[in-house]
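Descriptive analysis of the structure
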Amino acid sequence: MDLRQLTYLLEIAKHMNFTKAAEALHLSQPTLSKMVKNIEEELGVSLFDRSGKYVQLTDSGEIAVQQIQVIVQAVQDLHHLLDDVSNLKKGTITIGLPPVVGSVFFTRVIAKFQIKHPNIHFQLVEEGAKNVENLVQNRKLDLGVVVGPVDTSNFETLPFIYQKLALIIHRSHPLAEQSSVSLQQLRNEPFILFPSGYAVRNHVIHACRSIGFDPSVVYESSQWDLLAEMVASNAGISIIPETICSKITCPEVLTLPLIEPSIPWNLVIIWPKDHYVSYAMREFISFSQELSETES
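The structure contained in this document is the topic of the report that follows. (Residues numbered from 1 in each chain as written. Predicted model: local features only at pLDDT ≥ 70, side-chain atom pairs only at ≥ 80, totals over all residues. Heavy atoms only, no water.)

Here's the deal with unusual backbone geometry
A cis amide bond links Gly148 with the next residue in sequence, Pro149, at an omega value of 5°. Of note, Pro149 is situated in the loop between β5 (143-147) and β6 (155-170). Residue Pro261 is bonded to the preceding Glu260 through a cis peptide linkage, with omega at 0°. Topologically, Pro261 is positioned in the loop between β11 (253-259) and β12 (264-272). Positive phi, normally seen in glycine, also occurs at Arg139, with a value near 65°. Inspection of the secondary structure puts Arg139 in the loop between α6 (129-137) and β5. Look at Arg139 and you get partly exposed, because its relative accessible area is 27%. Positive phi, close to 50°, is recorded for Glu260, a residue that is not glycine. Mapped onto the fold, Glu260 is located in the loop between β11 and β12. On the basis of relative accessibility, which here comes to 60%, the residue Glu260 falls in the exposed class. (Helix = DSSP H or I, 4+ residues; strand = E, 2+ residues; numbered from the N terminus. Buried < 20%, exposed > 50% of the residue type's maximum accessible area, 1.4 Å probe, protein only.)

Written out as structure tokens, the structure reads:
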């Protein structure tokens, strides 16, 4: 067996289908089937149960796939280490950003980092915070930026931005004259929020329920500027991160501090615990930490 054959086995285990795996690998199905048969004969065990409608891993196959994943990852880590030596200060970072976070984090961190390190490039993946966590944990992403708190048993973490959620309302609203607004005062207001699954919305819903009410959500949008436009049309109130409030230029929309309770919005950079960290990742993490300390 060689590394190429091991990756072929992982592809079959991923699809549980010889035809789909062959297509993904640009091989003919007979060639792939013959290779698997040769490996099974070499090991003296059956790796796949082909007796049913769908291919299934045997008990031996389950164990083999687990070990093959470790072997392939070790070889990939070796290549990363060698690349760090031979291509000093070069690399690519795949980073996951929830949509709301991306508009803040990119200009604040990534753009500044690339001025200093033009040979380190980014592949940006927009996903919800939970999906970002799962992708980082499964090594599909190098880094993720999520809203804290985070389970530190699975991730290394770097707290980066400490902010709160703020209230945006129409300038004609009766509460607009106040210097701050308590969440309880919004009990009967129509809420305009990010959709379900967004960390900002989850924080708002949790805070409302903690003081005894469920907010009446009349509109939803994944775009913060559309939320602001709805507030500008006097369709309701919204609660969004302070840093995004600063981007709103419409004179009809006012931003007010939210109190009793205030709702934290803290961004955390995460990466897999106990895994290899490339040169590019180390540089980016160090840069982010320095920037955080400078701006705090």
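Regarding the side chain of Glu11
Secondary-structure assignment places Glu11 in helix α1 (residues 3-15). No salt bridge is formed by the buried Glu11, whose closest oppositely charged neighbour, Lys14, lies at an N-O distance of 4.3 Å. A polar side-chain atom of Glu11 sits 2.8 Å from a polar atom in the side chain of His15. Excluding residues that lie within four positions of it along the chain, Glu11 makes contacts with Ala21, Ala24 and Leu25. (Lys, Arg positive; Asp, Glu negative; His and termini not counted. Salt bridge = Lys/Arg side-chain N within 4 Å of Asp/Glu carboxyl O. Polar contact = N/O pair within 3.5 Å; in protein donor to acceptor, adjacent residues only side chain to side chain. Contact = heavy atoms within 4.5 Å.)

Some remarks on helix α5 (residues 99-116)
Relative to the 26 Å expected for 18 residues at 1.5 Å per residue, α5 spans 25 Å between its end C-alpha atoms, a close match to the ideal helical length. The largest bend in α5 comes to about 50°, at Phe106. Restricting attention to buried positions, one finds in α5 the residues Val100, Val101, Gly102, Val104, Phe105, Val109, Ile110 and Phe113. (Expected span 1.5 Å × (residues − 1). Bend = angle between axes of the 7 residues up to and from the residue.)

Some thoughts on α6
An α-helical turn contains 3.6 residues, so a residue and the one three or four places further along point in the same direction. Within α6, burial applies to Ala129, Val132, Glu133 and Val136. The arc that holds the buried residues of α6, viewed along the axis, is 100°, so those residues lie on one side. Those residues of α6 hidden inside the fold are in contact with β3 (91-97), β5, β6 and β12. Arg139 occupies a position one or two residues after α6 and carries a positive phi of about 65°. (Arc of directions from axis to C-beta.)

Quick word on the pairing of β3
Along a regular strand, successive side chains alternate from one face of the sheet to the other. With five of seven residues buried, β3 is to be regarded as a mostly interior element. Looking at chain direction, β3 and strand β4 (residues 120-126) are connected through seven bridges and run parallel. Its bridge partner lying in β4, Gly91 is registered against Ile120. Pairing of β3 with β5, which is carried by two bridges, proceeds in the parallel orientation. (Pairing = 2+ DSSP bridges.)

Regarding the side chain of Glu40
Checked against the element boundaries, Glu40 lands in helix α3 (residues 29-43). You can call Glu40 buried: its relative accessible area is 10%. There is a polar contact of 3.2 Å between the side chain of Glu40 and the side chain of Arg50.

Comments concerning the packing of α1 against α3
With their axes 11 Å apart at the nearest point, α1 and α3 run at an angle of 110° to one another. Relative to α3, α1 is oriented roughly perpendicular. Both α1 and α3 take part in a crossing whose hand is left-handed. Facing Gln5, Tyr8, Leu9 and Ile12 of α1, the residues of α3 in contact are Leu32, Met35, Val36 and Ile39. Grouping the constituent residues of the contact of α1 with α3 by class yields seven nonpolar, one polar and no charged. (Axes fitted to C-alpha atoms, helices over the stretch in contact; angles between N-to-C directions. Parallel < 35°, antiparallel > 145°, perpendicular 65-115°, else oblique. Left-handed = near helix turned anticlockwise from the far one by under 90°. Nonpolar A, V, L, I, M, F, W, Y, C, P; charged D, E, K, R; others polar.)

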